[in-house]
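# Summary of the model geometry
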Amino acid sequence: MNLGAREYVWSFRTDGVYPVGEADVETVGFGSGDERLAHKPNKYVSIKELEKTVKGCTDLVKALNRYIDSR
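Source: prediction; values computed, not measured.

### So, the overall build of the protein
- A tally of regular secondary structure across the protein gives two helices and zero strands.
- Scored against the burial criterion, the 71 residues of the protein give a buried share of 8%.
- Approximately 6,600 Å² of the protein is accessible, and the part contributed by carbon and sulfur atoms is 54%.

### Description of the pattern of salt bridges
- Counted under the stated rule, the structure contains two salt bridges.
- Of the charged contacts, one joins D34 and R36 as a salt bridge, the two residues approaching to 2.6 Å between their closest N and O atoms.
- The shortest N-O distance in the salt bridge between D59 and K55 comes to 2.6 Å. Linking D59 with K55, this pair stays in helix α2 (residues 47–70), spanning four residues, or about one helical turn.
- On the basis of relative accessibility, which here comes to 34%, the residue D59 falls in the partly exposed class.

### Some remarks on a nonpolar patch on the surface
- Together, V45, I47, L50 and V54 make up an exposed nonpolar region whose accessible area comes to about 370 Å².
- Tracing the backbone shows V54 in helix α2.

### Thoughts on unusual backbone geometry
- Positive phi outside glycine occurs at D24, with the angle close to 55°.
- Among the secondary structure elements, D24 is positioned in the loop between α1 (17–21) and α2.
- Its relative accessible area of 70% is what places D24 among the exposed residues.
- For H39, which is not glycine, the phi torsion reads 60° and is therefore positive.
- As for its position among the elements, H39 is in the loop between α1 and α2.

### Examining α2
- Taking 1.5 Å as the rise per residue, α2 with 24 residues should run 34 Å; its terminal C-alpha atoms sit 35 Å apart, in good agreement.
- All of the buried residues in α2 are T53, G56 and A63.

### Comments concerning the environment of L50
- Inspection of the secondary structure puts L50 in helix α2.
- Using a relative accessible area of 44% as the deciding quantity, one classes L50 as partly exposed.
- For the pair L50 and G31, spaced 19 residues apart in the sequence, the C-alpha separation amounts to 8.6 Å.
- Setting aside anything within four residues of it in sequence, one finds L50 in contact with S32 and V45.

Cut-off values and rules
- Residues numbered from 1 in each chain as written.
- Predicted model: local features only at pLDDT ≥ 70, side-chain atom pairs only at ≥ 80, totals over all residues.
- Heavy atoms only, no water.
- Helix = DSSP H or I, 4+ residues; strand = E, 2+ residues; numbered from the N terminus.
- Buried < 20%, exposed > 50% of the residue type's maximum accessible area, 1.4 Å probe, protein only.
- Areas by Shrake-Rupley, 256 points an atom, 1.4 Å probe, with all protein chains shown as cover.
- Salt bridge = Lys/Arg side-chain N within 4 Å of Asp/Glu carboxyl O.
- Patch = residues over 30% accessible without salt bridge, like charges linked within 9 Å, V, L, I, M, F, W, Y side chains within 5 Å.
- Expected span 1.5 Å × (residues − 1).
- Contact = heavy atoms within 4.5 Å.

If you want it as structure tokens, here you go:
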């Protein structure tokens, strides 16, 4: 399923390290903000970015539901 997302490697760690690196499970990382600020004490997210993330999450859930319903 292609949702028009781009694929790249993040420059920080997530909880996806084990599934991807050890268990070979395809994993989706999705979020807002500047990745250079991830897990830093001064991190922040603009309202505009947060709104885009909410829409992206909504679109992702809808697409996954369509995929599941089509099976």
